[in-house]
Amino acid sequence: MNRANYWIRNLIEAGQSHLDINHVVADIGRSVGADVSILFLGSSPKLSLGHVFHAGIEQPLLEYYERHSQSDVYLRHYSQQNLQGTIVPLQTMLPLNKITDEWFRDEMLRTIAVKHSLSGYCRLNKSDVQVLTFHRYSSPFKPECQLQLQQLMDALVPWSQYYLSKQQLMNKFGTIPLQHGSLQLPDTLTPAERQVIQLLSRGYDGSEITQFRRVSKETTKSQIKSILHKLECKHQNHLLHKVYTELVT
């Protein structure tokens with residue numbers, strides 16, 4: 001099994017778990033010697049409108065890029081050159097001395113601070129893209145790394161389409177995490193609340209649910225409070241006990 005197929009299998013096994021997918025992305029990064037590894041699925045170039053899986057980058061820096069992703073000169077140049085679907089070394093594609101956007105060159109590049117990048121994206125449908133981007137702070141990537149990531153880019157498309165489709169269904173209809181016992185989930189639960197129950201039953205805490213669903217902490221707290229009220233539970237442990245022992249088939 002080549003590395004691309006190995007990674008795809010691991011992503012399939014990760015399901016919709018944001019944390020588990022992050023682990024796979026970290027493994028991909030380690031394999032190619034990356035300091036920063038990012039997989040993005042969603043509307044481009046606005047990263048806040050999608051799913052970001054990452055390793056090696058602190059949350060404040062990731063949020064900085066999300067705020068300014070529409071000003072990414074590399075991304076714009078990549079699109080203009082019709083390179084979609086191709087993993088390229090960004091700094092070779094567009095050398096620093098040819099970047100005329102002073103803010104991007106002097107502010108954004110200095111803040112991000114990476115020196116070598118292998119990146120690319122391809123379109124999944126009319127509105128969504130799949131972006132792979134890996135970075136190093138010092139020495140360049142080895143030549144074979146670009147080939148490995150290109151193979152991954154090509155093999156990843158069906159998984160990315162599946163992930164987004166399943167996520168859309170979960171967001172719209174919710175899911176039932178376990179199916180045994182005698183507890184009937186009330187119809188008053190919203191699809192979002194059903195998804196929160198599923199995530200709680202899989203061991204996610206409030207902050208992880210917030211990150212996974214890309215909502216505010218206040219939204220997650222409000223949804224959990226509403227769930228406890230609707231299921232007549234005193235606290236989250238009481239809720240989880242009901243879920244694991246009483247959920248109806």
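The shown structure was predicted, so the numbers you read here are calculated from the model rather than taken from an experiment.

Parameters at a glance
- Residues numbered from 1 in each chain as written.
- Predicted model: local features only at pLDDT ≥ 70, side-chain atom pairs only at ≥ 80, totals over all residues.
- Heavy atoms only, no water.
- Domains from an automatic or database assignment.
- Contact = heavy atoms within 4.5 Å.
- Buried area = accessible area lost by both parts, 1.4 Å probe.
- Salt bridge = Lys/Arg side-chain N within 4 Å of Asp/Glu carboxyl O.
- Polar contact = N/O pair within 3.5 Å; in protein donor to acceptor, adjacent residues only side chain to side chain.
- Helix = DSSP H or I, 4+ residues; strand = E, 2+ residues; numbered from the N terminus.

A.B. asks: Can you help me understand the domain arrangement of the chain in this one?
C.D. replies: When the domains of the chain are assigned, the result is domain 1 (3-173) and domain 2 (191-246). Between the C-alpha centres of domain 1 and domain 2 the distance comes to 30 Å. The partner domain 2 presents ten residues to the 18 residues of domain 1 that form the contact. For the domain 1 and domain 2 pair, buried surface summed over both sides reaches about 1,100 Å², with 44% attributable to carbon and sulfur atoms. Among the residues of domain 1 in contact with domain 2, H18, L19 and M170 are the three that bury the most area, contributing 41% of the side total. Remark: the boundary between domain 1 and domain 2 carries zero salt bridges. Here domain 1 and domain 2 share two residue pairs in polar contact (both at pLDDT 80 or more) between them. Only α2 (18-32), β2 (50-55), α3 (59-68) and α7 (143-173) provide two or more residues apiece to the side of domain 1 that touches domain 2. When residues in the side of domain 1 that touches domain 2 are grouped by element, the largest group, six residues, is from α7.

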